[in-house]
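Chain and residue survey
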Amino acid sequence: MSKSALAFLMFSLVVNAVMSLGLALFVLLKANALKVNRYFAYLCLVTGIMFTVYFLEFYCLWRGQLVMAEYWQRTLMIFVFLIPPILFQFTMHFLNRPVPLWVTIANYLVALSGPLFIYTPAFAYDFRLFNGLYWLKSGPLFYPMFSYFVGNVLYVLFMLYRNYKSTVKSTRKEQIRLVYLAFLIGFVTGCAGFLMWLNIPLKPYSTILVSLYVLIIAYAVLKHQFLNIPLIIKNSLIYTTAMCLITLAYFALIYVFEHQLRGIMGYQSVLVSLGITLLLAGLFIPLQEFLRRVIEKYLFKGTAAQFSEHMERIQQEMILSERYKTFSDVVKSLTVAIKEPLMALKNYNAEYQQHLDDKMFLERFAQVLDIEIQKIENLVEGLDKYSHPEPLRMERTDMYALLTDLLDEMRPLLNSQKISITKSFDDHKVFYLNVDLKQIRQALMSVVEHTLKTMPEGGHLYAEVEHKENDFVIFLKDTGKPIPDAQIEKVFDPFSQYHGQEPSMELAIAFSIIKNHGGKIFVNSDESEGNEFVIELPLSLFFRHFNARE
């Protein structure tokens, strides 16, 4: 293999390593609060280390050190087989899919079994010249590990595709689409490194395209809030990526010029090569500085310091803007919600003077007055609870008992509306969390009361509990009218209203309570199956877990 071809492969591996490691460090340092973010960072970190080892292999081939090249080629496979379990965990967290602990352990055990035989002839042997490049010949144990790798990747891509098809929310759908595209391109182009192992005489030139997955993920971060990275960090990512690309282009330019000079002048000395490289580096510094200034001036409207100061101002303005928007939305919703009872009172009041002697009218007017005033009181009370939440009074609470008692208490009301209940959990289990019992009970009751409104003619309510790796999850699923797509994103807003229902604060209060506990609540709606509310409480609230009641 020619030195120029080796140089191209080495350069492509440096680009991949720098971009993968850069993205990993960026997420770990700037956005590591969520576990899904950390798994994504670990994935990028292992990928970056893999490409670094790959580079060392080709560097040894460049130097003619075949023994070390073979060592690095074997070592490379350790990191290749570490990618599937991390990719699997990231994807399952990203899609909010629970994974049994034994599956995770088994996945890592298979991946970590690699070092036991990767350095033996059973995995690979005969480091020979193949298709112009030194490469190992695969042994019998290579094929099951290769199948394990491909199987994991295909399953992940299948899960991403399936969730993309079933997701309604537009932003979430676009996030899944971009992650699917990034991984598809990354793994299809990256798998070029397997071709030589499979005795297919195609050199791994396409590995340079693996960097596209980093660029697609960066676009997902910037455009579609992937990984929940705030605006100021997003713009910092653009700035850092731009500077990184300039630096890489700068070194690539130096390499090309030095290589051309060597061909013209015919020198072979390492010292002469180093001297000319340093000279070219000095000559190209003004060009690098010029490009940096152009980017700062026209893309970021100032220097790095000015850009940082500008972004801090934007962040403060965003906080104020979000507060004003929230206040405006609440006021607007309250105005709409309170207009109906006020109009009813106004209409009756207009006729009141004309019916002073009409006893039936006066009785009806008194009833309407009671009902409409109660509606206004409920709205104001709900708004007060939402805007002034009580401080949390955490106490040791058995979550199974709480949910069981709540459903048993509401059973007469549910039965009166011809709604049956199915509990898909063991009443005799115990799982303690430190929560505010009163508020969590109120949140659960608000969700159940909301489901009653979607089943005016009767139906079925399913209650289920799961223990995820990081969350205690409660599922409340009804067979009522599905929430319209246009309302899915607004269902937890104050005074949410659809299907002709009266404006309500129930779900907004439930959302506020769960959020104050550090948890999440969201809804999935299906035209044929109804609505499913998912409540996730973090296991950081964990107190103690038993298998049976004491």
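Look up: the structure comes first, before these words.
Read on for a plain summary of the structure. (Residues numbered from 1 in each chain as written. Predicted model: local features only at pLDDT ≥ 70, side-chain atom pairs only at ≥ 80, totals over all residues. Heavy atoms only, no water.)

**What to know about helix α14 (residues 399-416)**
Taking 1.5 Å of rise per residue, 18 residues should cover 26 Å, and α14 covers 26 Å from first to last C-alpha, within 8% of that figure. Along its length, α14 shows its largest kink, about 45°, at M410, and proline P412 lies within four residues downstream of that point. Every buried residue of α14 is listed here: M399, Y400, A401, L402, L403, T404, L406, L407, M410 and L414. Measuring from the backbone nitrogen of Y400 back to the side-chain oxygen at the start of α14 gives 3.2 Å, which picks out D398 as the cap. Following α14 by one or two positions, K418 has its phi on the positive side, about 60°. (Helix = DSSP H or I, 4+ residues; strand = E, 2+ residues; numbered from the N terminus. Expected span 1.5 Å × (residues − 1). Bend = angle between axes of the 7 residues up to and from the residue. Buried < 20%, exposed > 50% of the residue type's maximum accessible area, 1.4 Å probe, protein only. Polar contact = N/O pair within 3.5 Å; in protein donor to acceptor, adjacent residues only side chain to side chain.)

**A word on the sheet that holds strand β7 (residues 471-478)**
The sheet built from five strands is open, its strands ordered β4-β6-β7-β9-β8 with mixed pairing. Strand pairing shows two members of the sheet lacking a second neighbour, β4 (419-424) and β8 (520-526), which therefore form its edges. Averaged over all pairs of adjacent strands, the angle between their axes in this sheet comes to 15°, without regard to strand direction. When β7 meets strand β9 (residues 530-538), the two strands line up antiparallel, connected through eight bridges. Opposite F475, over in β9, you have V534 as the bridge partner. (Pairing = 2+ DSSP bridges. Axes fitted to C-alpha atoms, helices over the stretch in contact; angles between N-to-C directions.)

**So, helix α4 (residues 101-112)**
Relative to the 16 Å expected for twelve residues at 1.5 Å per residue, α4 spans 17 Å between its end C-alpha atoms, a close match to the ideal helical length. If you check which residues of α4 are buried, you get T104, N107 and A111. Projected down its long axis, α4 shows its buried positions confined to an angular sector of 65°, all on one face. In α4, the exposed positions that point more than 90 degrees away from the buried face belong to L101, W102, L109 and L112. (Arc of directions from axis to C-beta.)

**So, the pattern of salt bridges**
Summed over the entire model, instances satisfying the criterion amount to five salt bridges. For R74, the salt bridge identified is with E70, shortest N-O distance 3.3 Å. Here R74 pairs with E70, and both are found in helix α3 (residues 66-94), just four residues apart, close to one helical turn. In this structure R74 comes out as buried when scored by relative accessible area, which is 7%. Here E174 makes a salt bridge to R177, at a shortest N to O gap of 2.5 Å. Taken together, the residues span about one helical turn, with E174 and R177 both in helix α7 (residues 170-190) at a distance of three residues. In this structure E174 comes out as buried when scored by relative accessible area, which is 19%. Given the relative accessible area of 35%, R177 is considered partly exposed. (Salt bridge = Lys/Arg side-chain N within 4 Å of Asp/Glu carboxyl O.)

As far as function goes, none of this settles anything; it's purely spatial.
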